[in-house]
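Reading the structure
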Amino acid sequence: MKRNTLGAFIISKRKEKNFSARQLAIKCNISAPYMCDIENGKRTPTFEVLQRISSVLEMTDENTYKLLDLAAKNSKNRVPYDIVEYIMKNASLRKCIREKMKNNDYSGWEKALEDNEQEEVK
């Protein structure tokens, strides 16, 4: 299994907690075969299941974001579930993104990114 995959990441985190795949599945209220399929890259879990995995494994925010990003790479959607949910709740944000995409315009985001980086430093 490749090192930087959703399955490898989950395996690594569950081993840190000394859980077997079956134990993690039970704690996440999913079947053991489903957990094995997730870990083997055969299935991409729902946002709800990812949240349960994150919670059971007591992941930091940073690790939860990595989990969501890896799940997005594993799916056809390619956008992490948490970001999709946020965007879908804001029509003006969707309109803004679509306008920038239509115009192939990547400008204007720098200020928002700088502001975010400054907030992280505080």
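Our structure is the block above this text.
Here's a quick rundown of the structure. Since the structure is predicted, the reported quantities are computational estimates derived from the model, not experimental observations.

**Side note on the overall build of the protein chain**
Check the secondary structure of the protein chain and you find eight helices and zero strands. When its helices and strands are written in sequence order, the protein chain yields α-α-α-α-α-α-α-α. Counting all 122 residues of the protein chain, 32% fall into the buried class. Long-range contacts, defined here as pairs at least 24 residues apart, represent 49% of the contacts in the protein chain between residues at least 6 apart.

**Some words on unusual backbone geometry**
Positive phi is not limited to glycine here, since Asn18 has a value of about 60 degrees. Structurally, Asn18 can be placed in the loop between α1 (6–16) and α2 (21–27). Even without being glycine, Asn104 reaches a positive phi, approximately 50 degrees. Locating Asn104 in the fold gives a position in the loop between α7 (91–102) and α8 (109–121).

**Considering the pattern of salt bridges**
Tallying each qualifying case throughout the model produces six salt bridges. Between Lys102 and Glu99 there is a salt bridge whose closest N-O contact spans 4.0 Å. With Lys102 and Glu99 both in helix α7 and three residues apart, this pair spans about one turn of that helix. Residue Glu99 is classed as partly exposed on the basis of its relative accessible area, which comes to 37%. The salt bridge involving Asp105 is made with Lys100; its shortest N-O contact spans 3.3 Å. Judged by its relative accessible area of 17%, Lys100 falls in the buried class.

**Let's talk about the nonpolar core**
One finds Leu6, Leu24, Ile30, Ile53 and Leu67 to be the most contacted residues of the largest nonpolar core, which totals 24 residues. Breaking this core down by element, the ones donating at least two residues are α1, α2, α3 (32–39), α4 (47–56) and α5 (61–74). Residues contacting Leu67, with those up to four places away along its chain left out, are Leu6, Phe9, Ile10, Leu50, Ile53, Ser54 and Met59.

**What to know about the side chain of Glu39**
Mapped onto the secondary structure, Glu39 falls in helix α3. Looking at Glu39, the relative accessible area reads 4%, which means it is buried. Of the polar contacts made by the side chain of Glu39, one reaches the side chain of Arg14; its length is 2.5 Å.

**Here's the deal with the packing of α1 against α5**
The interhelical angle for the contact between α1 and α5, taken along N-to-C directions, is 150 degrees, at an axis separation of 9 Å. Between α1 and α5, the angle is such that the two are roughly antiparallel. Judged by residue contacts, Leu6, Phe9, Ile10 and Lys13 of α1 engage Asn63, Lys66, Leu67, Leu70, Ala71 and Asn74 from α5.

**Here's the deal with α4**
Looking only at α4, the buried set comprises Phe47, Val49, Leu50, Ile53, Ser54 and Val56. In the core, the buried residues of α4 are packed alongside α1, α2, α3, α5 and α6 (81–88). Glu58, located one to two residues past α4, shows a positive phi value of around 50 degrees.

Parameters and conventions
Residues numbered from 1 in each chain as written. Predicted model: local features only at pLDDT ≥ 70, side-chain atom pairs only at ≥ 80, totals over all residues. Heavy atoms only, no water. Helix = DSSP H or I, 4+ residues; strand = E, 2+ residues; numbered from the N terminus. Buried < 20%, exposed > 50% of the residue type's maximum accessible area, 1.4 Å probe, protein only. Contact = heavy atoms within 4.5 Å. Salt bridge = Lys/Arg side-chain N within 4 Å of Asp/Glu carboxyl O. Core = buried A, V, L, I, M, F, W, Y, C linked by side-chain atoms within 4.5 Å. Polar contact = N/O pair within 3.5 Å; in protein donor to acceptor, adjacent residues only side chain to side chain. Axes fitted to C-alpha atoms, helices over the stretch in contact; angles between N-to-C directions. Parallel < 35°, antiparallel > 145°, perpendicular 65-115°, else oblique.

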